[in-house]
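Structural overview for review
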Amino acid sequence: MRVLIGGGTGFIGQHLGHLLQENGYRVTVISRVIRPDGVTWNDIQRHGLPKDCTSVVNIAGENILNVSKRWNDSFKEQVKKSRVETNKLLAKAISEAENPPESFINISGVAYYKPSETDEYTEESTGGDYDWLSKLTTEWEAAATLPDSMNVRRVTVRSGVVLGQDGGMIQQIYFPFFLGFGGRMGTGKQWFPWIHVDDIAGILAYAVKNKSVSGILNGVAPEAATNAQFASAFAGAMWRRALIPMPSFVFNTVFGNERAKIILEGQKVIPKRTLECGYKYKYPDLQSACRDLSSFFGRF
Ligand code: NDP
């Protein structure tokens, strides 16, 4: 049982790879670079899928919040291409495969839903047409479409902000909070759709394993929180207080206004279908997640 993971070398990809291996799957990553345990995107383009793939998962994507990259047209194109073109390439390889895999699973983002302090969104809610990021999710998801005639199960997981000790946002904010300099970001009233990395990997692996799972799943924790509530819970788990707010202009200056929205605006997202399909969260609430994320020794 081989699972092919596009972007399997990244933060979420490595957690997913380990989890699948623990569950008896053989994992092959697709990367831009040649690796002993993987294939490259060029290999897929030239030779199609490796033999015996039970499932193909695509979580590749240029890091949007890379502070070293200016938010200009060329970087935006890179962000888009790394998601849309990789999905398209895999969809083509699957549709041309002699023995297609049983499932094709992709990640997308909750930026699909329009930021709001009052609205609530489930997987059935409309979206994908609001701003650049939202339109990106529509193109990203559509690029994974397979011909109707194909009997391949399709799942898209719309992920919230992924929290883990070894990557993503926590790596940036751990030490400021540890030193007591943490606080809300912007007004703090915006929703903060979060998920622990063990759960986003857990949902993706659950989708690989369970043949009854298909369609859109929201990849967020069941307990919704605002940014201020998250800051307070994370600081509290370290026996600190979240007293020093980070003003909006700092994020707008560092990231550019369009990109800073990921942090300064938010959506209240409910994982309705994810719960209905039977996934059991390891960290359903902020308190248990923050206890794990704040552990100093867990970082080493
Ligand atoms: P990482 O940056 O840790 O990993 C991304 C992976 O994508 C890398 O392994 C890299 O593989 C590959 N990649 C990067 N740039 C390109 C490119 N230009 N072309 C092809 N492949 C590329 O990201 P995460 O693991 O945190 O996120 C994975 C996916 O999940 C991304 O698509 C992201 O948008 C999405 N997501 C993440 C969230 C988060 O909070 N982390 C929230 C919502 C969605 P290699 O270098 O080996 O080629």
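Since we're looking at a predicted model, the values are computed, not measured.

Section: the side chain of Asn58
Within the secondary structure, Asn58 sits in strand β4 (residues 53-58). Look at Asn58 and you get buried, because its relative accessible area is 2%. In this structure, Asn58 is in contact with Gly6, Trp41, Arg83, Thr86, Asn87, Leu90, Ile105, Asn106 and Ile107, ignoring residues within four places of it in sequence.

Description of the nonpolar core
The biggest cluster of nonpolar side chains holds 30 residues, and the ones touching the most others in it are Leu16, Leu20, Val57, Ile59, Ile200 and Leu204. At nine residues, helix α6 (residues 197-209) tops the list of elements feeding residues into this core. Apart from the residues within four sequence positions on either side, Leu16 is in contact with Ile5, Val57, Ile59, Ala201, Leu204 and Ala205. In this structure, Phe192, Phe230, Phe234 and Leu293 belong to the second largest nonpolar core, which totals 26 residues.

Some thoughts on the pattern of salt bridges
Summed over the entire model, instances satisfying the criterion amount to 12 salt bridges. For the salt bridge of Lys80 with Glu139, the shortest nitrogen-to-oxygen distance reads 3.1 Å. Of the two residues, Lys80 sits in helix α3 (residues 73-96) while Glu139 sits in helix α4 (residues 132-142), which places them 59 residues apart along the sequence. Judged by its relative accessible area of 22%, Lys80 is partly exposed. One salt bridge connects Lys282 with Asp198, and the closest N-O pair in it is separated by 2.9 Å. Of the two residues, Lys282 is situated in the loop between α10 (272-276) and α11 (286-293) and Asp198 in helix α6; the sequence distance between them amounts to 84 residues. Owing to a relative accessible area of 52%, Lys282 belongs among the exposed residues under this scheme. For Asp198, a relative accessible area of 22% corresponds to the partly exposed category. Put simply, Glu124, Lys272 and Glu276 are held in one network by salt bridges that share partners.

Describing the site of the ligand
Every one of the 20 residues lining the ligand counts as a neighbour, but Thr9, Ser31, Arg32, Arg83 and Val162 are closest to it. The separation between a nitrogen atom of the ligand and a polar side-chain atom of Glu62 is 3.0 Å. In this structure, Val162 approaches the ligand through a main-chain N or O atom, which is 2.8 Å from an oxygen atom. Within the complex, the protein chains bury 79% of what would otherwise be the 890 Å² of accessible surface of the ligand. Where the shell around the ligand is concerned, the elements lending two or more residues are α1 (11-22), α3, β5 (103-109) and β8 (161-164). Split by residue class, the shell around the ligand holds eight nonpolar, nine polar and three charged.

Points about the packing of aromatic side chains
Applying the stated rule across the entire model yields 13 aromatic pairs. Relative to Tyr121, the ring of Tyr113 lies with its centre 5.2 Å away and its plane at 15°, an arrangement referred to as stacked. Judged by relative accessible area, which is 8%, Tyr121 ranks as buried. Linked through ring pairs, Tyr174, Phe175, Phe177, Phe178, Phe192, Phe230 and Phe234 together constitute an aromatic cluster. The lysine or arginine in question, Arg83, covers the ring of Trp140, its NZ or CZ lying 5.0 Å from the ring centre. Arg240 extends its terminal NZ or CZ atom over the ring of Phe178, reaching a point 5.0 Å from the ring centre.

Details of the sheet that holds strand β1 (residues 2-6)
Pairing is parallel in the open sheet, where seven strands are placed in the order β3-β2-β1-β4-β5-β7-β10. Two strands in the sheet have a free side with no partner beyond their single neighbour: β3 (38-40) and β10 (215-219). Each neighbouring strand pair of the sheet contributes to a mean axis angle of 20°, computed without reference to strand direction. Docked against the sheet, α1 engages β1, β2 (26-31), β4 and β5, running at close to 175° with respect to β1. Its contacts with the sheet put α6 on β1, β4, β5, β7 (153-159) and β10, and the angle it makes with β7 is roughly 170°.

Here we look at the packing of α1 against α6
In the contact formed by α1 and α6, the axes pass within 9 Å of each other and the chain directions differ by 55°. Overall, the two elements α1 and α6 adopt an arrangement that is oblique. At the point where α1 passes α6, the crossing takes the right-handed sense. The segment α1 lies against α6, with Phe11, Ile12, His15, Leu16, Leu19 and Leu20 engaging Val197, Asp198, Ile200, Ala201, Gly202, Leu204, Ala205 and Val208. By residue class, the composition of the contact of α1 with α6 is 11 nonpolar, two polar and one charged.

Looking at the side chain of Asn218
Position of Asn218 relative to the elements: it lies in strand β10. Aside from chain neighbours lying at most four places away, what touches Asn218 is Tyr113, Tyr121, Thr122, Glu123, Arg158, Val269, Ile270, Pro271, Thr274 and Tyr281.

Cut-off values and rules
- Residues numbered from 1 in each chain as written.
- Predicted model: local features only at pLDDT ≥ 70, side-chain atom pairs only at ≥ 80, totals over all residues.
- Heavy atoms only, no water.
- Helix = DSSP H or I, 4+ residues; strand = E, 2+ residues; numbered from the N terminus.
- Buried < 20%, exposed > 50% of the residue type's maximum accessible area, 1.4 Å probe, protein only.
- Contact = heavy atoms within 4.5 Å.
- Core = buried A, V, L, I, M, F, W, Y, C linked by side-chain atoms within 4.5 Å.
- Salt bridge = Lys/Arg side-chain N within 4 Å of Asp/Glu carboxyl O.
- Near = heavy atom within 4 Å.
- Polar contact = N/O pair within 3.5 Å; in protein donor to acceptor, adjacent residues only side chain to side chain.
- Areas by Shrake-Rupley, 256 points an atom, 1.4 Å probe, with all protein chains shown as cover.
- Nonpolar A, V, L, I, M, F, W, Y, C, P; charged D, E, K, R; others polar.
- Phe/Tyr/Trp six-rings, centres within 6.5 Å; stacked < 30°, edge-to-face > 60°.
- Lys NZ or Arg CZ within 6 Å of the ring centre and 35° of its normal.
- Pairing = 2+ DSSP bridges.
- Axes fitted to C-alpha atoms, helices over the stretch in contact; angles between N-to-C directions.
- Parallel < 35°, antiparallel > 145°, perpendicular 65-115°, else oblique.
- Left-handed = near helix turned anticlockwise from the far one by under 90°.

From the geometry alone we can't say anything about function, so treat these as descriptive.
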